[in-house]
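Examining the three-dimensional arrangement
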Amino acid sequence: MQYHVDEHGYYGEFGGAFIPEMLYPNVAQLQKVYKSILQQPEFQKEFKQLLADYVGRPTPLYYANRLSEKYNTRIYLKREDLCHTGAHKVNNTIGQILLAKHLGKKRIIAETGAGQHGVATATVCALMGIACVVYMGAVDIERQAPNVARMKMLGATVIPATCGSKTLKDATNEAIRDWINHPEDTHYIIGSVVGPHPYPDLVARLQSVISEEIKKQLTDKEGRDYPDYVIACVGGGSNAAGAYYHYLDRPEVGIIAVEAAGKGIHSGESAATSALGTPGIIHGSKTLLMQTRDGQITEPYSISAGLDYPGVGPMHAHLYSSGRGEFISITDADAMEAGRDLSRLEGIIPAIETSHALAVFKQRPFKKEEVVVVNLSGRGDKDLNTYIEYFNL
Amino acid sequence: MNSIDTSFRKNKKIVSIYVTAGFPNLEDTADILASLEENGADMIEIGLPFSDPLADGPTIQESSTQALKNGMTTEILFEQLQGIRKKVSIPLILMGYFNPMLQFGVEEFCAKCKEVGIDGLIIPDLPLREYQHHYESIFKANDLYMIFLVTPQTSEARIREMDQASNGFLYVVSSASTTGKTGSFSEDQTTYLQRVADLKLRNPLMVGFGIHDAETFRKATQHTQGAIIGSAFIKHLKNHGAQGIPSFMKHLRS
């Protein structure tokens with residue numbers, strides 16, 4: 001079984017590029033050149049330099065002593081929360097802004113849900129002096145005021161998506177429409193392993209630095225380059241794709257994907273795409289998505305704004321349907337509990353997205369000697385208001 | 001012979017009108033189609049509403065959202081189109097995004113189209129390669145014409161490829177934009193349309209996107225066989241209802 005993308009942009013039956021003809025030249029160009037640009041020595045040199053000096057990589061692989069004791073297993077945390085801007089998102093935006101420069105693009109657009117990808121995009125645009133427009137659902141703009149302010153502080157223009165449900169999927173629609181209207185000078189930096197081919201593979205490759213580092217760090221700490229399990233939360237799935245990447249073809253490594261069950265899988269307020277989704281097309285990609293019987297895309301729910309995407313990247317859809325990945329869904333309540341646990345046991349306040357991944361330990365036992373890596377995808381500063389309200393802090 | 005081909009034999013510029021099914025009211029579809037034919041439309045594009053219409057601007061998206069709110073589904077649309085051929089004889093083209101068709105089942109969808117008398121399909125997010133590899137035989141088995149879009153950014157080689165794959169006509173998108181752009185046609189646009197016309201393709205050319213009045217219709221069809229009016233009609237429908245159709249069509253031909 002092949003878990004990486006094939007030559008036509010598919011992961012098994014999922015993926016492809018279901019795009020209007022207006023986007024064809026841009027997407028076809030990316031398909032043609034992305035691998036060769038990413039492999040150029042100059043690109044790699046600049047990318048690695050920025051990841052080291054600007055983002056602060058490698059991020060630590062930290063053995064979580066007290067958490068390990070509590071769950072009677074060996075837990076390592078991959079500290080993506082320590083990246084500049086507070087999450088793994090910046091690995092992708094650094095790579096894509098360099099790609100945009102290679103393509104001679106003068107203007108960047110992006111979509112954002114909670115605002116993390118928007119901030120990471122605004123950051124690299126400021127760094128490179130390139131104009132930046134971020135589309136964000138009008139509802140999310142209300143909910144995530146601090147991140148809107150950060151983007152503006154960084155010089156980005158934030159445009160509200162006022163159609164449809166006014167959240168992430170509509171922001172993505174608006175970004176795609178912008179690209180249709182500006183085909184010549186604009187590059188679209190997608191924030192996750194979603195969208196038409198080559199985006200899922202492009203973003204996965206840029207995030208693969210996460211598992212590349214885990215391999216080296218585990219060799220130093222455990223004397224072998226792989227864990228027994230890698231756990232990551234999945235909205236679109238970019239941090240997960242990065243954490244799994246170098247282990248996809250290593251059957252000795254268990255892959256655990258954690259989705260947001262919201263108020264419960266069958267509550268009608270959930271974002272557990274693998275459990276509730278069916279194959280269909282969203283944002284140019286054939287994948288699992290939440291939809292009505294009539295094929296209308298529905299609005300998911302999670303307490304975490306980064307996990308409420310109605311689809312999932314095609315790589316993950318394939319990991320699910322092939323059985324390579326173990327998919328677990330975690331409710332709001334269990335995630336919040338796990339977030340508080342980590343704060344009190346290890347002194348690390350995680351993003352609520354990440355808290356979903358941490359909640360797996362309550363649901364599923366691991367053996368004492370097993371090595372489990374959790375990708376700590378982001379820090380909880382942005383979620384402080386939600387934590388405050390939830391726990392009456 | 002497919003009636004799309006027949007309509008291009010008329011010695012005039014073809015007016016095709018786009019209307020979102022189930023808009024402004026769920027039950028309006030059939031009456032609007034009949035009224036459009038009565039008032040001089042040569043062809044109709046029936047839009048199957050979708051929650052996330054990527055290639056459309058705000059006007060058509062809002063009409064889709066409204067139609068879905070009204071309760072429109074693929075199944076209901078096919079029910080509404082049962083017997084439509086007794087009332088409407090001009091070519092009917094179904095325009096929709098691919099996901100609802102995929103959920104309905106592509107074979108079943110095409111069979112239903114044939115049954116109610118649909119002549120062709122426009123599916124903006126079904127790319128040429130996917131169509132040819134997976135669906136072309138199903139479309140052909142149901143006598144459905146597939147109409148592809150080309151844009152100012154499409155290379156000549158690809159335009160020729162799309163022309164080979166299309167039947168009925170080639171949909172020429174007038175500018176790099178989503179639907180519903182207002183304003184007059186630029187010199188560049190006219191040059192581009194002439195460039196496509198000069199390729200001497202096997203299909204007639206219909207221009208769409210940004211055609212909203214008699215002036216833009218005239219310019220769009222200077223070098224082509226016809227044009228498609230969508231957002232402007234939807235706006236008119238929203239403001240004046242179905243009784244506004246005669247005045248809309250009259251202004252268009254003036």
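Described below are features of the structure shown in this document. (Residues numbered from 1 in each chain as written. Chains lettered and ligands numbered in written order. Predicted model: local features only at pLDDT ≥ 70, side-chain atom pairs only at ≥ 80, totals over all residues. Heavy atoms only, no water.)

1. A word on helix H5 (residues 116–128) of chain A
All names here are of chain A. Over its 13 residues, H5 extends 19 Å from the first C-alpha to the last, a length consistent with the 18 Å expected when each residue adds 1.5 Å. Across the 13 residues that make up H5, a large majority, 10, are buried. For H5, every residue scored as buried is listed here: Gln116, His117, Gly118, Val119, Ala120, Thr121, Ala122, Thr123, Val124 and Cys125. Buried residues in H5 make contact with helix H2 (41–55), helix H4 (89–102), strand E5 (107–112), strand E6 (131–137) and helix H7 (145–153). Once H5 ends, the next one or two residues include glycine 129, with phi positive near 65°. (Helix = DSSP H or I, 4+ residues; strand = E, 2+ residues; numbered from the N terminus. Expected span 1.5 Å × (residues − 1). Buried < 20%, exposed > 50% of the residue type's maximum accessible area, 1.4 Å probe, protein only. Contact = heavy atoms within 4.5 Å.)

2. What to know about the sheet that holds strand E10 (residues 254–262) of chain A
Two modes of strand pairing occur in sheets, parallel and antiparallel, and in both the strands are linked by backbone hydrogen bonds. Residues and elements named next belong to chain A. Pairing is mixed in the open sheet, where six strands are placed in the order E3-E4-E14-E9-E10-E13. What marks the edges here is a single partner per strand, and that holds for strand E3 (61–63) and strand E13 (325–331). Adjacent strand axes in the sheet meet at a mean angle of 25°, parallel and antiparallel pairs treated alike. Judged from the seven bridges that link them, E10 and E13 form a sheet pairing that is parallel. Following the sheet pairing, alanine 260 is matched in E13 by isoleucine 330. Running over the sheet, helix H14 (residues 332–346) touches E3, strand E4 (74–79), E10, E13 and strand E14 (371–376) and is turned about 95° from E13. (Pairing = 2+ DSSP bridges. Axes fitted to C-alpha atoms, helices over the stretch in contact; angles between N-to-C directions.)

3. Quick notes on empty space enclosed by the protein
For the structure on display, the rule yields four cavities of 30 Å³ or more. What lines the largest cavity is a set of 33 residues, among which His88, Lys89, Gly191, Gly306 and Leu307 of chain A lie closest to the centre. Counting only elements with at least two residues in the lining of the largest cavity, the list comes to E5, H5, helix H8 (168–181) and helix H11 (238–244) of chain A. A breakdown of the residues in the lining of the largest cavity according to their chemical character gives 10 nonpolar, 18 polar and five charged. The calculated volume of the second largest cavity comes to roughly 60 Å³. Contributing to the lining of the second largest cavity are Asn173, Ile281, Ile282, His283, Gly284 and Ile297 of chain A together with Phe50, Asp52, Leu54 and Asp125 of chain B. When the residues that make up the lining of the second largest cavity are grouped by side-chain class, the tally is five nonpolar, three polar and two charged. (1 Å grid on protein atoms, 1.4 Å probe; cavity = no way out; pocket = protein on both sides within 12 Å on 5 of 7 lines; lining within 4 Å. Points joined across faces, edges and corners; volume = space filled by probe spheres on them. Nonpolar A, V, L, I, M, F, W, Y, C, P; charged D, E, K, R; others polar.)

4. Re unusual backbone geometry
Residue proline 198 of chain A is reached from histidine 197 of chain A by a cis peptide bond, and omega for that bond is 15°. As for its placement among the helices and strands, proline 198 of chain A is situated in the loop between strand E8 (186–188) and helix H9 (199–207). The omega angle of the peptide bond from phenylalanine 23 of chain B to proline 24 of chain B is -5°, so this bond is cis rather than trans. Mapping proline 24 of chain B onto the fold places it in the loop between strand E1 (14–20) and helix H2 (29–38). Of note, the phi angle at threonine 85 of chain A is positive, near 75°, even though the residue is not glycine.

5. Let's talk about the interface of chain A and chain B
Residue-level contacts link 35 residues of chain A with 36 residues of chain B. With both sides pooled, the region where chain A packs onto chain B buries about 3,000 Å², and carbon together with sulfur makes up 52% of that total. Its largest share of buried area at the contact with chain B, chain A owes to Glu21, Met22 and Arg177 of chain A, together 21% of the area lost on that side. Where chain A meets chain B, there are three salt bridges. Aspartate 52 of chain B serves as the salt-bridge partner of lysine 169 of chain A, at 3.0 Å between the closest nitrogen and oxygen. Where chain A packs against chain B, one counts 21 residue pairs in polar contact (both at pLDDT 80 or more). (Buried area = accessible area lost by both parts, 1.4 Å probe. Salt bridge = Lys/Arg side-chain N within 4 Å of Asp/Glu carboxyl O. Polar contact = N/O pair within 3.5 Å; in protein donor to acceptor, adjacent residues only side chain to side chain.)

6. Section: the environment of leucine 61 of chain A
Its location among the elements puts leucine 61 of chain A in strand E3. Spatially, the C-alpha atom of leucine 61 of chain A lies 4.6 Å from that of lysine 78 of chain A, the residues being 17 residues apart in sequence.

7. Some remarks on the side chain of glutamate 111 of chain A
All names here are of chain A. The residue glutamate 111 is located in strand E5 in this model. A polar contact is formed between the side chain of glutamate 111 and the side chain of tyrosine 188, at a distance of 2.8 Å. A polar contact of 3.0 Å, which involves the side chain of glutamate 111, links it to the backbone nitrogen of glycine 191. Beyond its immediate chain neighbours, meaning those up to four positions away, glutamate 111 contacts His117, Tyr135, Leu168, Ala171, Thr172, Ala175, Tyr188, Ile189, Ile190 and Gly191.

8. Some details on the pairing of strand E3 (residues 92–96) of chain B
All names here are of chain B. Judged by how many residues are buried, E3 sits mostly within the fold: five of five residues are covered. The alternating pattern of E3 places Leu92, Leu94 and Gly96 on one face and Ile93 and Met95 on the opposite face, and all of these are buried. Pairing between strand E2 (residues 43–48) and E3: five bridges, direction parallel. Bridge pairing in E3 places leucine 48 opposite glycine 96.

9. Details of the nonpolar core
If you look at the biggest cluster of nonpolar residues, it comprises 189 residues, and the most contacted ones within it are Tyr244 of chain A together with Ile17, Ile46, Phe169, Ile229 and Phe233 of chain B. Not counting residues up to four positions away in its chain, the partners in contact with isoleucine 229 of chain B are Val15, Ser16, Ile17, Tyr18, Ile211, Phe217, Phe248 and Leu252 of chain B. (Core = buried A, V, L, I, M, F, W, Y, C linked by side-chain atoms within 4.5 Å.)

10. Thoughts on the packing of aromatic side chains
Counted according to the given criterion, the structure contains 22 aromatic pairs over all chains. Between tyrosine 63 of chain A and tyrosine 76 of chain A, the aromatic rings sit 5.2 Å apart at their centres with planes inclined by 65°, giving edge-to-face as the arrangement. With tyrosine 63 of chain A in strand E3 and tyrosine 76 of chain A in strand E4, this residue pair connects regions lying 13 residues apart in the sequence. Overall, tyrosine 76 of chain A belongs to the buried group, its relative accessible area being 3%. Between tyrosine 131 of chain B and phenylalanine 139 of chain B, the aromatic rings sit 5.2 Å apart at their centres with planes inclined by 75°, giving edge-to-face as the arrangement. Judged by its relative accessible area of 1%, tyrosine 131 of chain B is buried. Assessed through its relative accessible area of 1%, phenylalanine 139 of chain B is described here as buried. (Phe/Tyr/Trp six-rings, centres within 6.5 Å; stacked < 30°, edge-to-face > 60°.)

11. Here's the deal with the pattern of salt bridges
Residue and element names in this part refer to chain A. Within the structure shown, the criterion is met by 36 salt bridges over all chains. With a closest N to O distance of 3.8 Å, lysine 169 and aspartate 170 form a salt bridge. Exposure remark for lysine 169: the relative accessible area of 4% places this residue in the buried category. Accessibility expressed as a relative area gives 2% for aspartate 170, which makes it buried.

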